[in-house]
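Here is how the chains run, residue by residue.
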Amino acid sequence: MPNTILRDLSIFWCMIHVILLFTMLFRSRYPRKRTIVLAVAGMGILMTFNGVLLLILGIELLGKIFFFTCSIPSFIFFYVLSADKRARFLLTFCLADTSCYWIMIVTNMLNYFFGGGSYILMFILRLFAFPLLEYCAYRFWRKPYMELQDSVEKGWGIFAGMTMLYYVLLVVMANYPVNIVERPKDVLSCVLVLILMFFNYAVIFSALYRQLLLYRRQQSERILQEQKNLLEEQLENQQRIRKLKHDMRGHTAAIVGLLASGKTKETLAYLKNIEVEMDACLGQYCANPYINAVFSSYVQKFEDLGAKLHIDIQIGDESIHYMELCQILSNGLENIRDALRELPVPKREASVQMKYNRKHLVIRMKNCCKEDLFVEKGTIPATSKESSDHGFGLPTILEAAQKLGGDMMCYTENGSFMLDVMIQIEKLQFQ
């Protein structure tokens, strides 16, 4: 009886850690607190149900129907909670389930051959194996895996299919027609499948890691190009300043002549025209030269599209981490330009607002969009472009905002695409 209790406790221990491992790797569509409450409630009911079945049916029969009593219901439950759908969710779900099920089979076989007829060895092995798996997942795999989900839109189907087939294969191999420890002739085949699965998962992760390195390289190239464009804008501004200095001689002579003739009103009008000319030439949208450089480079592009761009910047010349902020602005403006290009000229309108709100710098970018476009809050829409150098805009904005202690949210509202970015003011100060 004590041996059976240890076995049953180890099964519940496994079920708990399957949920923990999965929640480390999946992205919920709801806030963290709400996700935790829903997961505890939903999976608590499911675990209680399977616990009752374990007492009624026994471990052998439950093992044969576990796929239908636990795996499929939990799949449906988390699919509703998940922000990722289709292949990416399937890969994450099967990856967590298969990894944990692999440990269950291995510990079951080790206990059968070396446990001396009790379940003590199984209980001890599972007691330490699952926390070790979760530590490795959180310490080494979670961050790059999340980054991959944000950056790679295609190619998940083949990996998801492999993990799903391996999960079904393990279930069949371990439980049909009876438990693997009661089929000595099939033990070698099962061991080979377990080893093969380990190496295949290594291939999957190495392929995904290469995808991540490729994404990072493309993103670095994009950042370097943005730096180059920013420096070129600064050089152009310097050339404009030199031209203005040269022209100021003529302006000074004209002003002196007007004042000598006593034409005060004409002098004031002339000075006003010079101010307007200087602002237009230098792109003076605010007191910060880096922000001016970004807007100067895009204003002409919007004019060429016949688009209206309303700019409202209510910040000063504070010291800022200009590279991340310029990344946010340039990527946001580039996305707006691409979206407006697909609309009729009368609908090509956008606005950019920047202002302080207590401890945050708030950036709101708004542009008209297609009527059939719908983006839910908390999600990042995938690019519709096929080229490999597209699809980095919103992920780059999110990464830059997070570097500055902020966050990003995009959504559609009343026929417009909204992009809100909040950055901590403390992070902006003192470069």
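Notes on the structure follow. Residues take numbers from 1 onward in each chain, read along the sequence in its written order. This being a predicted model, a pLDDT of at least 70 is required before a residue's local features are given, and a value of 80 or more before pairs of side-chain atoms are given or counted; all residues contribute to the totals for chains, interfaces and linings. Based on all heavy atoms of the structure, the side-chain values leave hydrogens and waters out of the count.

Digging into the overall build of the protein chain
Next up, step 1: Assigned secondary structure in the protein chain consists of twelve helices and five strands.
Next up, step 2: Out of the 431 residues belonging to the protein chain, those deemed buried represent 42%.
Next up, step 3: Counting contacts in the protein chain only where the partners sit at least 6 residues apart, residues at least 24 apart contribute 74% of the total.
Next up, step 4: Here the Shrake-Rupley method, with its probe set to 1.4 Å, supplies the accessible areas, and only the displayed protein chains count as covering residues. Accessible area of the protein chain: about 24000 Å², with a carbon and sulfur share of 63%. In this description a helix means any DSSP run of H or I spanning at least four residues, a strand means any run of E spanning at least two, and both kinds are numbered starting from the N terminus. Accessibility here uses a 1.4 Å probe with only protein chains present; expressed as a share of the type maximum, an area under 20% marks a residue as buried, one over 50% as exposed, and anything in between as partly exposed. Note on contacts: a residue pair is in contact if any heavy atoms of the two residues lie within 4.5 Å.

Structural notes on the packing of aromatic side chains
Next up, step 1: Pairs were defined over the aromatic rings of Phe, Tyr and Trp, the Trp ring being its six-membered one, requiring ring centres within 6.5 Å. Orientation was assigned from the angle between planes: stacked under 30 degrees, edge-to-face over 60, tilted for the rest. Within this structure, the stated rule accounts for 17 aromatic pairs.
Next up, step 2: With a centroid separation of 5.1 Å and 85° between ring planes, the pair formed by Tyr 112 and Phe 113 is classed as edge-to-face.
Next up, step 3: Assessed through its relative accessible area of 46%, Tyr 112 is described here as partly exposed.
Next up, step 4: Ring geometry for Phe 198 and Phe 199: centres 5.6 Å apart, planes at 85°, overall edge-to-face.
Next up, step 5: Pairwise contacts between aromatic rings join Phe 22, Phe 26, Phe 75, Phe 77, Phe 78, Tyr 79, Phe 89 and Phe 93 into one cluster.
Next up, step 6: One Lys or Arg, Lys 301, reaches over the ring of Tyr 298 and ends 4.4 Å from the middle of that ring.
Next up, step 7: Note that Lys 377 overlies the ring of Tyr 411, its terminal NZ or CZ placed 4.7 Å from the centroid. Over a ring means this: the NZ of a Lys or the CZ of an Arg is within 6 Å of the ring centre and within 35 degrees of the ring normal.

Let's talk about the pattern of salt bridges
Next up, step 1: The salt bridge criterion pairs a side-chain nitrogen of Lys or Arg with a carboxyl oxygen of Asp or Glu, the two atoms within 4 Å. The tally for this structure, following the rule as stated, stands at eight salt bridges.
Next up, step 2: Here Arg 29 ties to Glu 376 by a salt bridge, and the two come within 3.4 Å at their closest N and O atoms. Highlighted residues: Arg 29 in the loop between helix H1 (2-25) and helix H2 (32-57) and Glu 376 in the loop between strand S3 (360-368) and helix H11 (393-403), separated in sequence by 347 residues.
Next up, step 3: Classification of Arg 29 as partly exposed rests on a relative accessible area of 35%.
Next up, step 4: For Arg 341, the salt bridge is made with Asp 338, and the minimal N-O distance between the two is 3.0 Å. Here Arg 341 pairs with Asp 338, and both are found in helix H10 (residues 322-341), just three residues apart, close to one helical turn.
Next up, step 5: When its relative accessible area of 38% is taken as the criterion, Arg 341 is described as partly exposed.

Let's talk about the sheet that holds strand S4 (residues 407-413)
Two modes of strand pairing occur in sheets, parallel and antiparallel, and in both the strands are linked by backbone hydrogen bonds.
Next up, step 1: By definition, two strands form a pair when at least two bridges between them are found by DSSP. Reading across from one edge, S1-S2-S3-S5-S4 is the order of the five strands in this open sheet, with mixed pairing throughout. The sheet is open, and its two edges are formed by strand S1 (308-313) and S4, each paired on a single side. When strand polarity is set aside, the average angle formed by the axes of neighbouring strands in this sheet is 10°.
Next up, step 2: Bridge analysis of S1 against strand S2 (residues 349-357) gives six bridges, and the strand direction is parallel. Residue pairing for S2: Ile 313 is matched across the bridge by Met 354.
Next up, step 3: Axis lines are fitted through C-alpha atoms, for helices just across the contact stretch, and the angle between N-to-C directions can take any value from 0 to 180 degrees. Together, S1 and S2 form the strand contacts of helix H9 (residues 289-304), whose direction differs from that of S1 by roughly 165°.
Next up, step 4: Lying on the sheet, H11 is in contact with S4 and strand S5 (416-424); it crosses S4 at an angle near 140°.

With respect to the environment of Pro 344
Next up, step 1: Examined against the element boundaries, Pro 344 turns out to sit in the loop between H10 and S2.
Next up, step 2: Taking C-alpha positions, Pro 344 is 9.8 Å from Ala 307, a pair spaced 37 residues apart along the chain.

Quick notes on the pairing of S2
Next up, step 1: For S2 and S3, the ladder comprises eight bridges, and the chain directions are antiparallel. Its bridge partner being in S3, Asn 357 is matched across the sheet by His 360.
Next up, step 2: Taking the residues between adjacent antiparallel strands as the criterion, S2 and S3 are bridged by two residues, where Arg 358 takes a positive phi near 60°.

Looking at H2
Next up, step 1: Its 26 residues give H2 an end-to-end C-alpha distance of 36 Å, which sits within 8% of 38 Å, the value for a rise of 1.5 Å per residue.
Next up, step 2: Looking at H2, one finds that the buried residues are Thr 35, Ala 39, Gly 42, Met 43, Leu 46, Met 47, Asn 50, Gly 51, Leu 53 and Leu 54. Given a helix with a known number of residues, its expected span is that number minus one, times 1.5 Å.

Focus: empty space enclosed by the protein
A probe as big as a water molecule, rolled over the atoms, marks out the empty space that is left.
Next up, step 1: Points on a 1 Å grid over protein atoms alone make up a cavity when a 1.4 Å probe fits among them but cannot get out, and a pocket when they form an open set with protein on both sides within 12 Å along at least five of seven lines; lining residues each have an atom within 4 Å of a point. Grid points are joined across faces, edges and corners, and a volume is the space filled by probe spheres set on the points. Scanning all chains against the criterion turns up one cavity of 30 Å³ or more.
Next up, step 2: Empty space within the largest cavity amounts to approximately 220 Å³.
Next up, step 3: Around the largest cavity, the lining comprises 18 residues; the ones closest to its centre are Met 15, Val 18, Phe 66, Cys 70 and Asp 97.
Next up, step 4: Looking at which element gives the most residues to the lining of the largest cavity, the answer is helix H4 (residues 86-114), with six residues.
Next up, step 5: Residue classes follow a fixed rule: Ala, Val, Leu, Ile, Met, Phe, Trp, Tyr, Cys and Pro count as nonpolar, while Asp, Glu, Lys and Arg count as charged, and any other residue, Gly among them, counts as polar. Here the lining of the largest cavity is built from residues that sort into 15 nonpolar, two polar and one charged.

Some details on the nonpolar core
Generally speaking, soluble globular proteins have nonpolar side chains that are buried together.
Next up, step 1: In this structure, Phe 78, Tyr 101 and Ile 105 are the most contacted members of the largest nonpolar core, which totals 62 residues.
Next up, step 2: Of all elements in the fold, only H1, H2, helix H3 (59-81), H4, helix H5 (120-151), helix H6 (156-175) and helix H7 (187-260) reach the threshold of two or more residues within this core.
Next up, step 3: In terms of residues, this core owes the most to one element, H4, which gives 13 residues.
Next up, step 4: Not counting residues up to four positions away in its chain, the partners in contact with Phe 78 are Ile 19, Phe 22, Thr 23, Phe 26, Ala 39, Met 43 and Phe 89.
Next up, step 5: We define the nonpolar core as a collection of buried residues of types Ala, Val, Leu, Ile, Met, Phe, Trp, Tyr and Cys that are connected through side-chain atoms lying within 4.5 Å of one another. Counting 39 residues, the second largest nonpolar core, distinct from the first, contains Ile 315, Leu 333, Cys 369 and Val 421.

A few points about the environment of Ile 59
Next up, step 1: Along the chain, Ile 59 turns up in helix H3.
Next up, step 2: Ignoring any residue separated from it by four or fewer positions in sequence, one finds Ile 59 in contact with Arg 7, Ile 11 and Leu 54.

Topic: the side chain of Asn 175
Next up, step 1: Of note, Asn 175 is situated in helix H6.
Next up, step 2: Overall, Asn 175 belongs to the buried group, its relative accessible area being 9%.
Next up, step 3: If sequence neighbours within four positions are ignored, Asn 175 has contacts with Gly 63, Lys 64, Tyr 101 and Arg 183.

A few points about the packing of H2 against H3
Next up, step 1: The geometry of H2 relative to H3 is characterised by a closest axis approach of 10 Å and an angle of 170° between their N-to-C directions. With respect to H3, the element H2 is oriented roughly antiparallel. Crossing of H2 against H3: the hand is right-handed. For the pair formed by H2 and H3, the contact residues are Leu 38, Ala 39, Gly 42, Met 43, Leu 46, Phe 49, Asn 50, Leu 53, Leu 54 and Leu 57 on the first element and Ile 59, Leu 61, Leu 62, Ile 65, Phe 66, Thr 69, Cys 70, Pro 73, Ser 74, Phe 77, Phe 78 and Leu 81 on the second.
Next up, step 2: In terms of residue class, the contact of H2 with H3 is made up of 18 nonpolar, four polar and no charged. For classification, angles of less than 35 degrees are called roughly parallel, those exceeding 145 degrees roughly antiparallel, those between 65 and 115 degrees roughly perpendicular, and all remaining angles oblique. Note on convention: near helix rotated counterclockwise from far helix by under a right angle means a left-handed crossing. Clockwise means right-handed.

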